[in-house]
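Report on the structure
So you can see what is in the structure, the chains are spelled out below.
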Amino acid sequence: MSQALKHSLSTEHRAKVQARGVNVYYGDKKALSGIGLDIPEHQVSALIGPSGCGKSTFLRCLNRMNDIIEGCRVEGAITIDGADIYAKDQDVVQLRARVGMVFQKPNPFPKSIYENVAYGPRIHGLAPGRKELDDLVRDSLERAGLMGEVHDRLDHPGTSLSGGQQQRLCIARAIAVKPELILMDEPCSALDPIATAKIEELIDELRTRFTIVIVTHSMQQAARVSQRTAFFHMGELVETGSTEQIFTNPKDDRTQAYITGRIG
Amino acid sequence: MTDSLANDIRLRRRYQAERRFRIYGITATASGLLFLGVMLVSILIIGHSAFRQSFIKLDVTFDPEVLQIGDKTDEESLRYAHFQGLIRVALREKFPEVTDRRELRELYALVSRGAADVLCEILIDDPGLMGQRHTYWLPASDDMDLFVKGEIKSSAPEIERQLSDRQIEWAERLTSDGLVDLRFNTAFFTTGDSREPELAGIWGAVKGSFYTLLVTLALSFPTGILAAIYLQEFAPKNPVTDLIEVNINNLAAVPSIVFGLLGLAVFLNFFHMPRSAPLVGGVVLALMTLPVIIIAARAALLAVPPSIREAALAVGATPMQTVFHHVAPLALPGMLTGAIIGMARALGETAPLLMIGMVAFIADIPQGVTDPATVLPVQIFLWADSPERAFMSKMAAGIMVLLGFLIAMNLIAVVLRHRFEQKW
Ligand SMILES: Nc1ncnc2c1ncn2[C@@H]1O[C@H](COP(=O)(O)OP(=O)(O)O)[C@@H](O)[C@H]1O
Ligand SMILES: [Mg+2]
């Protein structure tokens, strides 16, 4: 707790992730050009920008989910804790254990709630025994703010939950693997306002343990949950800074135009 | 005013068009059902009599002298004993007035040749019966059987029917004496093929089909599923895999007889595998079924939402774990359905098996995949091709058995699909 408190109070945050000169191509089409961005540890960084500007593409670079897209090519350097994640000897599976991801549409496995959360720890050997796994699953559901709602039906299918609950189940699934970084790609875009509020609250709590990068199309959401904001436009990183500064005093005209609703 | 009139007309036309379309649809469905019904009913009408067989009650004395075996009673000697003689003696006792050699031959023809084998088995089972006299129900010959079932009419001119006037007279006497009975034809389900229609059974073909499909399944299911998983989930997209994909789709459309020719050229002539064997038939059918299974399995894999793959990969599952823990289980019902449909097609296949000699007359019931055998559709073809009229009903009965198996396989497909389908 004191650790967490110290983190949220300190103004200087170490850069967990550093991106330098990142270009991404889908075939011949350049989707991102020359992105240079630092993601500070134990903070929530929001990526905003009009649809199609490359926010998801950048996010997927951070856990190398772009690897599975045919014809997608990433140039430049991205480091986590100083280590290049595109290095030859970087194991993708291990990287994804360190960098969790939550998707736009809740995508729980068609298995029980318990199995959804237990799957990651099981394949990574995080829980040596039945008891440890049980504890880990319960702990993760607790942290995702879902335990109270599902404690008596852990064997029910994950897909039987409501949309917001499913998304929190996906968050529980991601944090069960004990990642350092959690990527969220418009996690609330398919949810109603109440479910959205719950997730936003959750994100704020999760910040104490994890570094979070969230893509959102809602500027209010970015303003509510994030400490840092990066504005993307047409494949370029236009401006980055503290959320307060971006929303009150943007330096670039395009940022100004976007947050006042003139483009996007 | 004119506007609303035009609107009315348009509305009426639309309703008419809808009605017309419904009538077309109902007509099409009904005519399809009608054809199906006509086919099934005609098969039932022709085939139902094959499930019953006439038996004649005779008093038989196991006379060692008639059997021509002296005092030996070991199985080997009994196998070669003259049981036909016992039946002839019994028939002569029933009809003492018949003495002419030609007439006697006609009289003997009322009882099946298989009756001697029945008596032989009885005596081998219990050699103590030697010298005793007992009453047995023995199978009638095919022509006698047809007469009992009313398919040979005494009103028809003599030269147009298989039984002479005399034979019909004897048959009627036997019937009125209560010595003829129609019973369930168990032999049809327990014996192999025979030259005599009343002795021919389907069991040899059923077992032949079973062994053939066993080989087909063992080869094509694992190969097909693994190939589909590799091509769909792992293979890079390049000209080579494109070529493979095109070829698989084409192979599924290749006429089945071509696979038979391939089997003949490669397995029989080059590898010298046994002729007429379920092993070779199974391999040929496996080649034929493989593309069907691959295509069905790939379609099933393609239907699994990509979000499941992303979810698994994002928690750090390897591509193999993703496929085997998440994607394949979801695709399993579709894969199984495809495999069973492929198997059902293989079960009904005749042409490629003709090429590798599975069309031979085989009376023995196969005991393994290398024994000479035939399969259900080929057996049906053989019976349809036989000149004896009594084989007609055997053919239709064979079709019923084949259809029964096909329906059963499709039901299994439905049940499996239901069982493995994860609705959540
Ligand atoms: N799988 C893909 N294949 C080809 N082009 C893609 C793919 N994914 C995204 N793109 C393109 O890359 C650009 C950026 O997309 P994306 O990162 O999804 O934008 P955002 O998330 O900001 O809306 C878009 O022009 C989009 O068309
Ligand atoms: Mg996006």
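This write-up is about the structure you can find in this document. Everything numeric here is computed off the predicted structure, so don't read it as measured data.

Between chain A and chain B, the residue contacts involve 22 residues of the former and 18 residues of the latter. Taken together, both faces of the contact between chain A and chain B bury some 1,800 Å²; the carbon and sulfur share is 65%. Among the residues chain A hides against chain B, the three largest losses belong to F109, P110 and Y119 of chain A. Together they make up 28% of the total. Between chain A and chain B we count one salt bridge in total. With its nearest N and O atoms 3.2 Å apart, the salt bridge here joins E310 of chain B to R60 of chain A. Connecting chain A to chain B are six residue pairs in polar contact (both at pLDDT 80 or more). Of all the elements in the fold, those that place two or more residues in the side of chain A that touches chain B are helix 3 (92–98), strand 6 (99–102) and helix 4 (113–124) of chain A. Sorting elements by how many residues they give to the side of chain A that touches chain B places helix 4 of chain A first, with three residues.

Moving on, we get to the packing of helix 10 (residues 203–234) of chain B against helix 17 (residues 376–384) of chain B. Residues and elements named next belong to chain B. Closest axis-to-axis distance for the helix 10/helix 17 pair is 8 Å, and the angle between their directions is 145 degrees. Residues A205, V206 and S209 of helix 10 form the contact with helix 17, whose participating residues are L376, P377 and Q379. Looking at the contact of helix 10 with helix 17 residue by residue, the class counts come to four nonpolar, two polar and no charged.

We now examine the sheet that holds strand 6 of chain A. All names here are of chain A. Pairing is mixed across the open sheet formed by six strands, whose spatial order is 6-7-8-3-9-10. Lying at the two open borders of the sheet, with one neighbouring strand each, are strand 6 and strand 10 (236–242). Neighbour-to-neighbour, the strand axes of this sheet turn through a mean angle of 15 degrees, independent of strand direction. Sheet analysis places strand 6 next to strand 7 (residues 181–185), joined by four bridges and oriented parallel. By the bridge assignment, V99 is partnered in strand 7 with L181.

This part is about the sheet that holds strand 3 (residues 180–184) of chain B. The strands making up a sheet associate through backbone hydrogen bonding, with each pair oriented either parallel or antiparallel. All names here are of chain B. A sheet is described by the order of its strands in space; here three strands give the open sequence 2-1-3, paired in antiparallel fashion. Looking at strand neighbours, the two that pair on one side only are strand 2 (133–139) and strand 3, the edges of this open sheet. Ignoring strand direction, the axes of neighbouring strands in this sheet form an average angle of 40 degrees. Both strand 1 (residues 52–61) and strand 2 contribute to a ladder of seven bridges, which runs antiparallel. From the neighbouring strand, V60 faces strand 2, where its bridge partner is H134. Contacts from helix 4 (residues 83–94) reach strand 1 and strand 2, with the element oriented near 85 degrees to strand 1.

It is worth spelling out the site of ligand 1 at this point. Residue and element names in this part refer to chain A. For ligand 1, the full set of nearby residues is Y26, K29, A31, S51, G52, C53, G54, K55, S56, T57 and I69. A distance of 2.6 Å separates an oxygen atom of ligand 1 from a polar atom in the side chain of S56. Relative to its free-state accessible area of 550 Å², ligand 1 is covered by the protein chains to the extent of 62%. Going through the elements one at a time, strand 2 (29–40) and helix 2 (55–62) are the ones with two or more residues in the shell around ligand 1. Considering every element that reaches the shell around ligand 1, the biggest residue donor is helix 2, with three residues. Counted by class, the shell around ligand 1 contains four nonpolar, five polar and two charged residues.

What counts, and where the lines are drawn
Residues numbered from 1 in each chain as written. Chains lettered and ligands numbered in written order. Predicted model: local features only at pLDDT ≥ 70, side-chain atom pairs only at ≥ 80, totals over all residues. Heavy atoms only, no water. Contact = heavy atoms within 4.5 Å. Buried area = accessible area lost by both parts, 1.4 Å probe. Salt bridge = Lys/Arg side-chain N within 4 Å of Asp/Glu carboxyl O. Polar contact = N/O pair within 3.5 Å; in protein donor to acceptor, adjacent residues only side chain to side chain. Helix = DSSP H or I, 4+ residues; strand = E, 2+ residues; numbered from the N terminus. Axes fitted to C-alpha atoms, helices over the stretch in contact; angles between N-to-C directions. Nonpolar A, V, L, I, M, F, W, Y, C, P; charged D, E, K, R; others polar. Pairing = 2+ DSSP bridges. Near = heavy atom within 4 Å. Areas by Shrake-Rupley, 256 points an atom, 1.4 Å probe, with all protein chains shown as cover.

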